[in-house]
Amino acid sequence: MKMICLEGFDSREAKHSGICADCKSKFCPEHPEHLAWRIAEGLLPKLAQVFEPVISIGPALGPIVFQPKSVGGFKRGRTARDYQTSSLIGNALKTMCNVAETILKEEGLYSEGWRAVSKRGVWATHCNYSKRRVQFGEGSALCHLEGGHDLVMKEMERFAWEKTPENGWLMIVLHEVAHAVDKKVNAHSGHGPLFHRVLVSLRAKYFTRLIGMFSTLRSSQRVAADSLK
């Protein structure tokens, strides 16, 4: 069986380790165990990121330990971070899709063929009217985690909405779904008064009810990280 975990084992490693041998998820919750196993086996973490050696120096020269090097920027090819951040963003993207499809269903768009998808390693967050897709990219989600600035952040500032990573992730969802609703209700595309009227309406309707789906992501990440210590 070929593994499709983006940061997980291939089939041979999965069989050897006995961890996640049946994994068929792109964002496997057992990846922290994969990382621990690879380190225990003397293997480098299998991540699409840059590693630089850090040599521990004490009474005796310790082993060379490879640590992930943070790479700046959020655009295509520049979104690699440390393992925990990569895992967190993967879970955030999955949650964003789940939340988006919940809203699409309630707004009557899901039955018309609208779906939510995500992509790793790209900014690429948009609403595609012809394909009836709202797409969420890793770069956009990472931007809100690390305090960057984008159009959604500007909207949060404009309406004096509290800025946190969790609030930002939900607002990204509401922003893209608002485009779809705006197209359906007003036959309008782009940004402007009609769009912002829809966005404010969707926020009032869904924000309080759905923000809890994001509020546990970072606390879950800390629990997973502590389990490796």
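One can find the structure itself at the top, above this paragraph.
Rules of the game
- Residues numbered from 1 in each chain as written.
- Predicted model: local features only at pLDDT ≥ 70, side-chain atom pairs only at ≥ 80, totals over all residues.
- Heavy atoms only, no water.
- Salt bridge = Lys/Arg side-chain N within 4 Å of Asp/Glu carboxyl O.
- Helix = DSSP H or I, 4+ residues; strand = E, 2+ residues; numbered from the N terminus.
- Buried < 20%, exposed > 50% of the residue type's maximum accessible area, 1.4 Å probe, protein only.
- Phe/Tyr/Trp six-rings, centres within 6.5 Å; stacked < 30°, edge-to-face > 60°.
- Lys NZ or Arg CZ within 6 Å of the ring centre and 35° of its normal.
- Expected span 1.5 Å × (residues − 1).
- Pairing = 2+ DSSP bridges.
- Axes fitted to C-alpha atoms, helices over the stretch in contact; angles between N-to-C directions.

> Where do I start with the pattern of salt bridges in this structure?
Considering all chains together, one arrives at 6 salt bridges under this definition. Of the charged contacts, one joins Arg209 and Glu106 as a salt bridge, the two residues approaching to 2.9 Å between their closest N and O atoms. Of the two residues, Arg209 sits in helix H7 (residues 193–210) while Glu106 sits in helix H3 (residues 83–106), which places them 103 residues apart along the sequence. Its salt-bridge partner being Glu138, residue Arg120 comes within 3.3 Å of it at the nearest N-O pair. Linking Arg120 in the loop between strand S3 (115–119) and strand S4 (126–128) with Glu138 in helix H4 (residues 138–145), this pair joins segments that are 18 residues apart in sequence. Each member of the pair Arg120 and Glu138 is classed as buried.

> Can you help me understand the packing of aromatic side chains in this one?
Each aromatic ring pair is described using two quantities: the centre-to-centre distance and the angle formed by the ring planes. Taken as a whole and judged by the stated rule, the model has 2 aromatic pairs. Seen from their ring centres, Trp169 and Phe214 are 6.5 Å apart, and the 45° between their planes marks the pair as tilted. Note that Trp169 is positioned in helix H6 (residues 165–186) and Phe214 in helix H8 (residues 212–215), a separation of 45 residues in sequence. For Lys183, the ring lying beneath its charged end belongs to Tyr129, and the centroid distance is 5.3 Å.

> Can you walk me through H3 in this structure?
It helps to recall that an α-helix has 3.6 residues per turn; residues three or four apart then point in one direction. With 24 residues, H3 extends 35 Å between its outermost C-alpha atoms, agreeing within 8% with the 34 Å of an ideal straight helix rising 1.5 Å per residue. Of the residues trailing H3, Gly108 is marked for its positive phi of about 75°.

> I'm lost on unusual backbone geometry in this one. Help?
Unusually for a residue other than glycine, Ala124 sits at a positive phi of about 35°. Structurally, Ala124 can be placed in the loop between S3 and S4. Overall, Ala124 belongs to the partly exposed group, its relative accessible area being 25%. A positive phi angle, close to 60°, is found at Ala160, a residue other than glycine. Along the chain, Ala160 falls in the loop between helix H5 (151–158) and H6. Classification of Ala160 by relative accessible area gives exposed; the value is 67%.

> What's the story with the sheet that holds strand S5 (residues 133–137) in this structure? I'm lost.
By definition, the strands of a sheet pair up through backbone hydrogen bonds, in either a parallel or an antiparallel sense. Spatially, S3-S5-S4 is the arrangement adopted by the 3 strands of the open sheet, whose pairing is mixed. Both edges of this open sheet fall to S3 and S4, since each of them pairs with a single strand only. Across the sheet, the mean angle separating the axes of adjacent strands is 25° when strand polarity is ignored. In the sheet, S3 pairs with S5 via 5 bridges, with the strands oriented parallel. Counted as the bridge partner of Lys119 is Gly137 from S5.

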